[in-house]
Amino acid sequence: MNKPFDTAKLYDCRDAFTGALEQLGADNSDIVAVVNDSVGSSKLGGFREKFPERLINVGIAEQNMVGVGAGLANGGKIPFVCAAAPFLTGRALEQIKADVAYSETNVKLVGISSGMAYGELGPTHHSIEDFAWIRALPNVPVIAPADRAETAAVIRWAAEYQGGCFLRLSRVGVPDLLPEDHVFELGKANTLKAGNDLTLIANGVLTHRAVIAAALLEDRGISARVLNMASVRPIDEEAIVSAAQETGAILTCEEHTTFGGLGSAVAEVVVDRAPVPMTRLGVPGVFAHTASANALLDDFGMSPEAIADSAEALLKRKG
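Parameters at a glance
Residues numbered from 1 in each chain as written. Predicted model: local features only at pLDDT ≥ 70, side-chain atom pairs only at ≥ 80, totals over all residues. Heavy atoms only, no water. 1 Å grid on protein atoms, 1.4 Å probe; cavity = no way out; pocket = protein on both sides within 12 Å on 5 of 7 lines; lining within 4 Å. Points joined across faces, edges and corners; volume = space filled by probe spheres on them. Nonpolar A, V, L, I, M, F, W, Y, C, P; charged D, E, K, R; others polar. Phe/Tyr/Trp six-rings, centres within 6.5 Å; stacked < 30°, edge-to-face > 60°. Buried < 20%, exposed > 50% of the residue type's maximum accessible area, 1.4 Å probe, protein only. Helix = DSSP H or I, 4+ residues; strand = E, 2+ residues; numbered from the N terminus. Contact = heavy atoms within 4.5 Å. Salt bridge = Lys/Arg side-chain N within 4 Å of Asp/Glu carboxyl O. Core = buried A, V, L, I, M, F, W, Y, C linked by side-chain atoms within 4.5 Å. Pairing = 2+ DSSP bridges. Axes fitted to C-alpha atoms, helices over the stretch in contact; angles between N-to-C directions. Expected span 1.5 Å × (residues − 1). Disulfide = S-S within 2.5 Å.

J.: So what exactly am I meant to see when it comes to empty space enclosed by the protein here?
T.: The rolling of a water-molecule-sized probe over the atoms marks out the regions of remaining empty space. Taken as a whole and judged by the stated rule, the model has one cavity of 30 Å³ or more. Taken as a whole, the largest cavity encloses approximately 120 Å³ of empty space. Around the largest cavity, the lining is made up of 15 residues, and of these P145, R168, S170, G204 and V205 lie nearest the centre. Partitioning the lining of the largest cavity into residue classes produces nine nonpolar, four polar and two charged.

Shown next as structure tokens:
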């Protein structure tokens, strides 16, 4: 198998996030950061040094943090509210619903160390329900970038977007997939590989694994299309319908429970507009156990080899 990218070079998307935010902050004094005693884990030390009066640390008080962010937005600021994804989306869900979604405030919610990135800290720190929780709310786009270029592009987009949004960022290293000048478009997927036999759809840290799986499938004589679906809500319905009609089968993989996340969002489109056989890979409705983040993905059948095997099994159902 020819490697589709350099797997030896992995990058923490938090660095791309803070780099982009510092650049934006230098150009726009309305950009502020709000954190829950998480300056270190959010990698916002540089932002604090450059703009000390524009970083608000509320302590371990996530519900208050979202409310402070909403107040700042109502005062004309552009707040990036940053916290570990499980606590931002779980503990402060009511405030996200009332103060961001229902009130339509211009708050940028940044879930750091999402999915199973905290690995060894176990189920209390895994954030494998956040797509489902936030996707159910109106007025809040849900986005999970795949690499550092897309992360920086998403941050630039969020600063210009008028409204709330949820940005899901991991701390697990990922390779470069997209060009440095990538421009993020809300509700649009990126085709990373053309293919005719079936389609693999992923986002976040699963995207590069799907690309490797497609290369493995190529060695088996199977042509797999790969879509990077960073935008979970709104989702690219036309790309999904085209994939269904042109390849006849779809496999999704996500660092999330199989209930309510990317696979569910894709399935909603498929069942309504273009029914084809589907397989949804993810955490199968259980609490994820304690292990390293990459080991957990492997344990739940999302190593590149396991993704390829699942895709090959799906083809048998294609008819």
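Following the structure, the description resumes.
J.: Any chance you could explain the packing of aromatic side chains here in plain terms?
T.: Aromatic ring pairs are defined here through the distance separating the ring centres and the angle between the ring planes. Summed over the entire model, instances satisfying the criterion amount to three aromatic pairs. Relative to Y161, the ring of W157 lies with its centre 4.7 Å away and its plane at 25°, an arrangement referred to as stacked. With a relative accessible area of 25%, Y161 lands in the partly exposed category. Ring plane angle 75° and centroid distance 5.4 Å describe the contact between W157 and F184, whose orientation is recorded as edge-to-face. Of the two residues, W157 is situated in helix α7 (residues 148-160) and F184 in the loop between β6 (165-168) and β7 (190-193); the sequence distance between them amounts to 27 residues. Per residue, the accessibility class of W157 equals that of F184, and both read buried. Of the aromatic side chains, those joined through ring pairs into one cluster are W157, Y161 and F184.

J.: I would appreciate a short explanation of the layout of surface pockets in the present structure.
T.: As a volume, the largest pocket reaches approximately 160 Å³. Taken together, the residues of the lining of the largest pocket sort by class into five nonpolar, no polar and four charged.

J.: Looking at this structure, I do not really get the environment of L315. What am I missing?
T.: Following the sequence through the fold, L315 ends up in helix α12 (residues 304-315). Between the alpha carbons of L315 and I222 there is a distance of 9.4 Å; along the sequence they are 93 residues apart. When sequence neighbours within four positions are dropped, the list of residues in contact with L315 reads D197, L198 and I222.

J.: Which parts of the structure should I look at to understand the pattern of salt bridges?
T.: Where side chains of opposite charge bring their charged atoms close, a pairing between them can arise. Applying the stated rule across the entire model yields 17 salt bridges. The shortest N-O distance in the salt bridge between R273 and E238 comes to 2.9 Å. Of the two residues, R273 sits in helix α10 (residues 262-273) while E238 sits in helix α9 (residues 237-247), which places them 35 residues apart along the sequence. Residue classification places R273 among the partly exposed residues on the basis of a relative accessible area of 39%. Overall, E238 belongs to the partly exposed group, its relative accessible area being 46%.

J.: Help me out: how do you make sense of the nonpolar core in this one?
T.: When a protein is soluble and globular, its nonpolar side chains tend to lie buried together. By size, the foremost hydrophobic cluster in this structure holds 40 residues, and its most contacted members are L109, I240, I250 and V266. Residue assignment for this core shows that the elements contributing at least two residues are α3 (62-74), β3 (78-84), α5 (93-102), α6 (130-135), α9 and α10. With residues up to four places along the chain from it excluded, the contact list for L109 reads V66, V81, L88, I96, V100, C165, F166 and L167. Counting residues in each nonpolar core, the second largest holds 38 residues, with V172, L217, F300 and I307 among its members.

J.: Could you clarify how one ought to interpret the sheet that holds strand β12 (residues 278-283) in this entry?
T.: Each strand in a sheet pairs with its neighbour through backbone hydrogen bonds, running either in the same direction (parallel) or in the opposite one (antiparallel). Pairing in this open sheet of five strands is mixed, and the strands run β7-β9-β8-β11-β12 from one edge to the other. Because the sheet does not close on itself, it has two edges, and the strands there are β7 and β12. Direction aside, neighbouring strands of the sheet carry axes that sit 25° apart on average. Across five bridges, strand β8 (residues 198-202) lies against strand β9 (residues 224-228) in parallel orientation. When the bridges of β9 are listed, I201 appears paired with L227. Of the strands in this sheet, β8, β11 (250-257) and β12 are in contact with α12, which crosses β11 at around 140°.

J.: Sorry if this is basic, but what is going on with helix α8 (residues 207-219) here?
T.: Residues three or four positions apart in an α-helix share a direction because the helix packs 3.6 residues into each turn. The terminal C-alpha atoms of α8, which comprises 13 residues, lie 19 Å apart, in line with the 18 Å expected from a rise of 1.5 Å per residue. Every buried residue belonging to α8 is among T207, H208, R209, A210, V211, I212, A213, A214, A215, L216 and L217, and all of these are buried. Remark: G221 follows α8 within two positions and exhibits a positive phi of approximately 80°.

J.: Looking at this structure, I do not really get the state of the cysteines. What am I missing?
T.: Among covalent bonds in proteins, the disulfide is the one between the sulfur atoms of two cysteines. Within this structure, the stated rule accounts for zero disulfides. Of the cysteine sulfurs around C13, a residue in no disulfide, the closest is that of C82, at 14 Å. Cysteine C253 is unpaired, with the sulfur of C13 as its nearest cysteine sulfur at 16 Å. A residue is classified by how much of its surface remains accessible, and C253, at 0% relative accessible area, is buried.

J.: Please explain the sheet that holds β6 as it appears in this structure.
T.: Spatial ordering of the open sheet is given by β2-β1-β3-β4-β6-β5-β10, a layout of seven strands whose pairing is mixed. One side of each edge strand has no neighbouring strand; the edge strands of this open sheet are β2 (55-57) and β10 (231-233). Of the strand pairs in this sheet, strand β5 (residues 142-143) and β6 are connected by two bridges, and their pairing is parallel. Of the residues in β6, the one forming a bridge with I143 is L167. This element, α7, spans β1 (31-35), β3, β4 (108-112), β5 and β6 of the sheet and lies at about 165° to β6.

The values reported here are purely geometric and, on their own, carry no functional implication.
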